[in-house]
Amino acid sequence: MMRTRPLKVALLGCGVVGSEVARIMTTHADDLAARIGAPVELAGVAVRRPSKVREGIDPALVTTDATALVKRGDIDVVIEVIGGIEPARTLITTAFEHGASVVSANKALLAEDGAALHAAAEEHGRDLYYEAAVAGAIPLVRPLRESLAGDKVNRVLGIVNGTTNFILDKMDTSGAGYSEALDEATALGYAEADPTADVEGFDAAAKAAILAGIAFHTRVRIGDVHREGLTEVTAADIASAKRMGCTVKLLVICERAADGKSVTARVHPAMIPLTHPLASVREAYNAVFIEAEAAGQLMFYGPGAGGAPTASAVLGDLVAVCRNLVAETTGPGESAYTQLPVSSMGEVVTRYHISLDVADKPGVLAQVATIFAEHGVSIDTVRQQSRQDGGGEASLVVVTHRAPDAALSGTVEALRKLDTVRGVASIMRVEGE
């Protein structure tokens, strides 16, 4: 039986994603109604520039007063795609207070204040869905929150930022430096005019906080995530990775401790073996690799950004929320019942690839090895090569066995103080083995 009264939807933001959401809602209205069991009506669109022509949107629906729109009282679902912390946070909580459920793509807000938003949704008996906040069109939040709810997820390893993956892929395939690859990404529209959020890892860190919170049923905020960007990655690092049979990716890594009593979340460049599934993720694509106790290894792959892919995730959430409204129920809320502490980066156990510029003379390798031993870090491989330009210097590359990150950091600091070490050329973690 089709419900005759339409479900009314307010759209906050009508940029690249919002305009695509509105287009799909209009052109696929009959299909959406059939899937939901009720017609869906776009009841209002809040924008900053009302004079801009928006193809396919009735100008009578456009308003600059987003607050009045979400307070109308007849709105069933609010779709928030404006981004940022404020006014998005206030608008979402106001929507709950006035009886609307919310679909959001706002990773920054969810990573910063997700617990409060979930609490507000629960208080008012409304839904909060946000599949589009993490990896565009890739179904990831719902599988973690629902399909794997009966399993124990131990690790989430992934590429969740298309801009940085494009840059590193170009550096790997063409031999370009970081600046050249960034320029190409900007020219093709993959990088913003100000790429800081992407290249410094802020975007990925927000997504890491969301993924860790869902995967481990605990609250993880963006401030809990260790973050490093890729601006220091050089062509020499890429070449070293190739010699090891690896490639370099900016990875999100969320892990449950071996004893199950804590979790970690981090974002940083890392070398991964070419045999790992994530190594083959090219250009601006995203992929997330999940390791669960019963399900084993799972991988989710696809476009992680862009108007149409992100709109696809938003519309998927809209259908789910509207079905709940028709059935007079709500979907799963926050499952932060474990309240596991988030450990510091120093407690993470990993491997390091360290490239040193050293004096080219006897005894240097022994000095370096002694520093590693004093800090309890075992060396896996060593490669030393004299500089072709002479000058009495050599390049020394050390790859370690797994050790606490704090011990590895202490080792590097001690190496910097050796008279025979002219400089630490690069430091990179090795993951995915």
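Residues numbered from 1 in each chain as written. Predicted model: local features only at pLDDT ≥ 70, side-chain atom pairs only at ≥ 80, totals over all residues. Heavy atoms only, no water.

## Points about the packing of aromatic side chains
Then, number 1: With the rule as written, the count across this model stands at 2 aromatic pairs.
Then, number 2: When the centroid spacing of 4.7 Å and the interplanar angle of 40° are considered together, the rings of Phe166 and Tyr190 count as tilted. With Phe166 in helix H8 (residues 162-174) and Tyr190 in the loop between helix H9 (178-187) and helix H10 (196-199), this pair connects stretches of sequence that are 24 residues apart.
Then, number 3: Look at Phe166 and you get buried, because its relative accessible area is 2%.
Then, number 4: Judged by relative accessible area, which is 36%, Tyr190 ranks as partly exposed.
Then, number 5: Plain terms: the ring middles of Tyr285 and Tyr301 are 5.3 Å apart, the flat faces sit at 10° to each other, and that makes the pair stacked. Taken as a pair, Tyr285 in strand E11 (residues 285-292) and Tyr301 in strand E12 (residues 296-303) lie far apart in primary sequence, 16 residues in all.
Then, number 6: On the accessibility criterion, Tyr285 (36% relative accessible area) is partly exposed.
Then, number 7: Taking the relative accessible area as the measure of exposure, Tyr301 reaches 48% and is therefore partly exposed. (Phe/Tyr/Trp six-rings, centres within 6.5 Å; stacked < 30°, edge-to-face > 60°. Helix = DSSP H or I, 4+ residues; strand = E, 2+ residues; numbered from the N terminus. Buried < 20%, exposed > 50% of the residue type's maximum accessible area, 1.4 Å probe, protein only.)

## Quick notes on the side chain of Thr411
Then, number 1: Residue placement: Thr411 occurs in helix H15 (residues 405-416).
Then, number 2: A polar contact of 2.8 Å, which involves the side chain of Thr411, links it to the backbone oxygen of Ala407.
Then, number 3: If near-sequence neighbours (up to four positions away) are discounted, Thr411 is found in contact with Ile371, Phe372, His375 and Val377. (Polar contact = N/O pair within 3.5 Å; in protein donor to acceptor, adjacent residues only side chain to side chain. Contact = heavy atoms within 4.5 Å.)

## Re the pattern of salt bridges
Close approach of charged atoms allows side chains of opposite charge to pair.
Then, number 1: Across all of its chains, the model carries 24 salt bridges by this definition.
Then, number 2: Of the charged contacts, one joins Lys207 and Asp203 as a salt bridge, the two residues approaching to 2.9 Å between their closest N and O atoms. Of the two residues, Lys207 and Asp203 are both situated in helix H11 (residues 202-216); the distance of 4 residues between them amounts to about one turn of the helix. With respect to class, Lys207 is no different from Asp203; both count as buried.
Then, number 3: Connected through shared salt-bridge partners, Arg155, Glu255, Arg266, Glu291 and Glu431 make up one network. (Salt bridge = Lys/Arg side-chain N within 4 Å of Asp/Glu carboxyl O.)

## Focus on the environment of Gly423
Then, number 1: Among the secondary structure elements, Gly423 is positioned in strand E17 (residues 421-430).
Then, number 2: Gly423 has contacts with Ser355, Leu356 and Asp357, leaving out every residue within four places of it along the chain.

## A few points about the packing of helix H1 (residues 16-27) against helix H13 (residues 307-327)
Then, number 1: Where H1 meets H13, the closest approach of the two axes is 8 Å, and the angle between their N-to-C directions is 55°. The orientation of H1 relative to H13 falls into the category oblique. At the point where H1 passes H13, the crossing takes the right-handed sense. Here H1 contributes Val16, Val17, Glu20, Val21, Ile24 and Met25 to the contact with H13, which in turn contributes Gly307, Ala308, Thr310, Ala311, Val314, Leu315 and Leu318.
Then, number 2: Its residues assigned to classes, the contact of H1 with H13 comprises 10 nonpolar, 2 polar and 1 charged. (Axes fitted to C-alpha atoms, helices over the stretch in contact; angles between N-to-C directions. Parallel < 35°, antiparallel > 145°, perpendicular 65-115°, else oblique. Left-handed = near helix turned anticlockwise from the far one by under 90°. Nonpolar A, V, L, I, M, F, W, Y, C, P; charged D, E, K, R; others polar.)

## A few points about the sheet that holds strand E5 (residues 101-104)
Then, number 1: Ordered by their spatial adjacency, 6 strands build an open sheet running E3-E2-E1-E4-E5-E6, and the pairing between neighbours is parallel. Looking at strand neighbours, the two that pair on one side only are strand E3 (62-63) and strand E6 (128-129), the edges of this open sheet.
Then, number 2: Taken together, the 6 bridges between strand E1 (residues 7-12) and strand E2 (residues 40-46) define a ladder with parallel strand orientation. Bridging from a neighbouring strand, Leu12 pairs with Ala46 of E2.
Then, number 3: Together, E1, strand E4 (77-80), E5 and E6 form the strand contacts of helix H4 (residues 88-97), whose direction differs from that of E5 by roughly 150°. (Pairing = 2+ DSSP bridges.)

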